[in-house]
Amino acid sequence: MTQRRDGAGIVLGVSGGIAAYKACELVRRFSENGDDVRVVPTESALRFVGEATWSALSGNPVTTGVWESVHEVPHVRIGQGADLVVVAPATADVLAKAAHGLADDLLTNTLLTARCPVVFAPAMHTEMWEHPATQENVATLRRRGALVIEPASGRLTGADTGKGRLPEPSAIFAFCRRVLRGAERAGTADLAGRHVVVSAGGTREPLDPVRYLGNRSSGKQGYALARTAAARGARVTLVAANSALPDPAGVTVVPVGTALELRDAVRAAAEDADAVVMAAAVADFRPAAYAAGKIKKRDGQGPEPVALVRNPDVLAELAAERLRSGQVVVGFAAETDDVLANGRAKLAAKGCDLLVVNEVGERRTFGAEESEAVVLGADGQETPVPFGPKEDLADAIWDQVVARVTAD
Ligand code: CTP
């Protein structure tokens, strides 16, 4: 496969599921991006979408069997020449074949010869996805470094609903781009086999059924951390406090409201986590009492004062307790003055391994797409990250985490 100037050589494997029609949109996105797409459908995929469609959309010939164009040795060449192989949809059958190294058609041969990142986007009925056989196959593939995107939940074929839907083509496309970017940088999925927990958004502390004390955190940095970790191969739990952002593909999202709910969810997920990143803005205080009925203004009288009590410091607790040995604990801090000195003091006070210090400046607004920070290490390391997209900062943070997770 020849690589075009700005694009990558993509092999899109399509296996036989009803979601095969969604892969057409994926081909279109890759093609429009300037990637060279080679579609390798299985025999059963062709029952859902025919060869002519794949060929027209990709602008490349389509082969399924190992006995076509034998002189070109396609069963070896296609996988060898790819920058990325993505199988979407991946059926339970193709996951099983890949996990066991079977090679009875062109796609499974390609999976054995590919040395580039391999992404599987499974789609099947919930029962098939949850079956121990499938789960073990997925675990095997992940252990070997393949990136298996968690299926989405929602409407399945027929009247059924549940986990097993193919994520939207736009989400799979964005996932693949991040994987390619990561492969360019590090060459490997360096968080493969790791479980990471990220908290994001801002907590809300209810006063009464209609009011709360909250903050303006958008959750964008935490979501960028979750997306980039998934693209680097991690299993990701995203504890999301009141964020309006869409669930990232391949990430388990646990929605929470208050600081206490966030604490419970983070601690539960952290028990087997290699790293925990506290990007959420957690309220330091909550109303001492919750009024079951709406608090009324009292004409002619001054306002009732609101008594507050301290919330637990989730980050400091995690750092002190280390729910799993060797776990890397990362915090965030926003500082206006003496950024590094204040950051160092906070890092020591919280006891975490890394602290990401955001300098609160003119360009920094809540909800911005870009930011600038310094990543401080408890070991004295200081990594400045220049103003840029939040995904770049996220990758810089994961670089520091990867350097600290103990090899096992
Ligand atoms: N944090 C937490 N639990 C809290 C408060 C904060 O886990 N109850 C975490 C945040 O997720 C973040 C870090 O601690 O990772 C921020 O620390 P904090 O002391 O709140 O820093 P600032 O917001 O900068 O607060 P201060 O005004 O005290 O400097």
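To be clear, the structure that these remarks concern was listed above.
Bear in mind the structure is a predicted one, so any value in this text is a computation, not a measurement. (Residues numbered from 1 in each chain as written. Predicted model: local features only at pLDDT ≥ 70, side-chain atom pairs only at ≥ 80, totals over all residues. Heavy atoms only, no water.)

Q: Would you mind going over the nonpolar core with me for this structure?
A: The nonpolar side chains of a soluble globular protein tend to be buried, and buried together. Residues Leu 12 and Val 86 are the most contacted members of the largest nonpolar core, which totals 67 residues. Examining the composition of this core, we find that seven residues originate from one element, helix H10 (residues 220-231), more than from any other. Both domain 1 (9-185) and domain 2 (195-407) contribute no fewer than three residues apiece to this core. Contacts of Val 86, omitting those with residues within four sequence positions, involve Ile 10, Val 11, Leu 12, Gly 13, Phe 30, Val 119, Ile 172 and Cys 176. Counting 26 residues, the second-largest nonpolar core is a separate cluster that includes Val 239, Ala 265, Leu 315 and Leu 318. (Core = buried A, V, L, I, M, F, W, Y, C linked by side-chain atoms within 4.5 Å. Buried < 20%, exposed > 50% of the residue type's maximum accessible area, 1.4 Å probe, protein only. Helix = DSSP H or I, 4+ residues; strand = E, 2+ residues; numbered from the N terminus. Domains from an automatic or database assignment. Contact = heavy atoms within 4.5 Å.)

Q: How should the side chain of Glu 150 be read in this particular structure?
A: For Glu 150, the location among the structural elements is in the loop between strand S5 (147-148) and strand S6 (152-155). There is a polar contact of 2.8 Å between the side chain of Glu 150 and the side chain of Lys 163. The contacts of Glu 150, once residues within four sequence positions are left out, are Trp 129, Arg 142, Lys 163, Pro 167, Gly 250, Val 251 and Thr 252. (Polar contact = N/O pair within 3.5 Å; in protein donor to acceptor, adjacent residues only side chain to side chain.)

Q: Where do I start with the packing of aromatic side chains in this structure?
A: Centre distance and the angle of the planes are the two values used to describe a pair of aromatic rings. Per the stated rule, a full pass over the model turns up one aromatic pair. Over the aromatic face of Phe 285 sits the side chain of Arg 310, whose NZ or CZ is 5.5 Å from the ring centroid. (Phe/Tyr/Trp six-rings, centres within 6.5 Å; stacked < 30°, edge-to-face > 60°. Lys NZ or Arg CZ within 6 Å of the ring centre and 35° of its normal.)

Q: Teacher, can you tell me more about the environment of Asp 353 here?
A: Within the fold, Asp 353 resides in the loop between helix H13 (339-350) and strand S17 (354-359). When the C-alpha atoms of Asp 353 and Arg 47 are compared, they prove to be 53 Å apart, with 306 residues separating the residues in sequence. Within the structure, Asp 353 has its side chain in polar contact with the backbone nitrogen of Val 329 (distance 2.7 Å).

Q: Would you take a moment to explain the pattern of salt bridges for this structure?
A: Pairing of side chains with opposite charge becomes possible as their charged atoms draw close. One pass over the structure, following the stated rule, counts 32 salt bridges. The partner of Glu 168 in a salt bridge is Lys 22, and the shortest N-O contact between them spans 3.9 Å. Placement of Glu 168 in the loop between strand S7 (161-165) and helix H9 (169-186) and of Lys 22 in helix H1 (residues 20-32) is noted, with a sequence separation of 146 residues between them. Classification of Glu 168 as partly exposed rests on a relative accessible area of 41%. Put simply, Arg 227 and Glu 391 hold a salt bridge, and the shortest N to O gap is 2.8 Å. Of this pair, Arg 227 sits in helix H10 while Glu 391 is found in helix H14 (residues 390-404), placing the two residues 164 residues apart along the sequence. In this structure Arg 227 comes out as partly exposed when scored by relative accessible area, which is 24%. (Salt bridge = Lys/Arg side-chain N within 4 Å of Asp/Glu carboxyl O.)

Q: Looking at this structure, I do not really get a nonpolar patch on the surface. What am I missing?
A: On the surface, a cluster of nonpolar side chains totalling about 330 Å² of accessible area is made up of Leu 213, Phe 285, Val 306 and Leu 308. Residue position: Leu 213 is located in strand S10 (residues 211-213). Taking the relative accessible area as the measure of exposure, Leu 213 reaches 31% and is therefore partly exposed. (Patch = residues over 30% accessible without salt bridge, like charges linked within 9 Å, V, L, I, M, F, W, Y side chains within 5 Å. Areas by Shrake-Rupley, 256 points an atom, 1.4 Å probe, with all protein chains shown as cover.)

Q: Help me understand the packing of H10 against H14 in this model?
A: Between H10 and H14, the shortest axis-to-axis distance is 8 Å and the interhelical angle comes to 60°. Classed by the angle they form, the pair H10 and H14 counts as oblique. Two packed elements cross with a definite hand, and for H10 against H14 that hand is right-handed. Along the contact surface, H10 presents Lys 220, Gln 221, Ala 224, Leu 225, Arg 227, Thr 228 and Ala 229, while H14 presents Lys 390, Glu 391, Leu 393, Ala 394, Asp 395, Ile 397 and Trp 398. In terms of residue class, the contact of H10 with H14 is built from seven nonpolar, two polar and five charged. (Axes fitted to C-alpha atoms, helices over the stretch in contact; angles between N-to-C directions. Parallel < 35°, antiparallel > 145°, perpendicular 65-115°, else oblique. Left-handed = near helix turned anticlockwise from the far one by under 90°. Nonpolar A, V, L, I, M, F, W, Y, C, P; charged D, E, K, R; others polar.)

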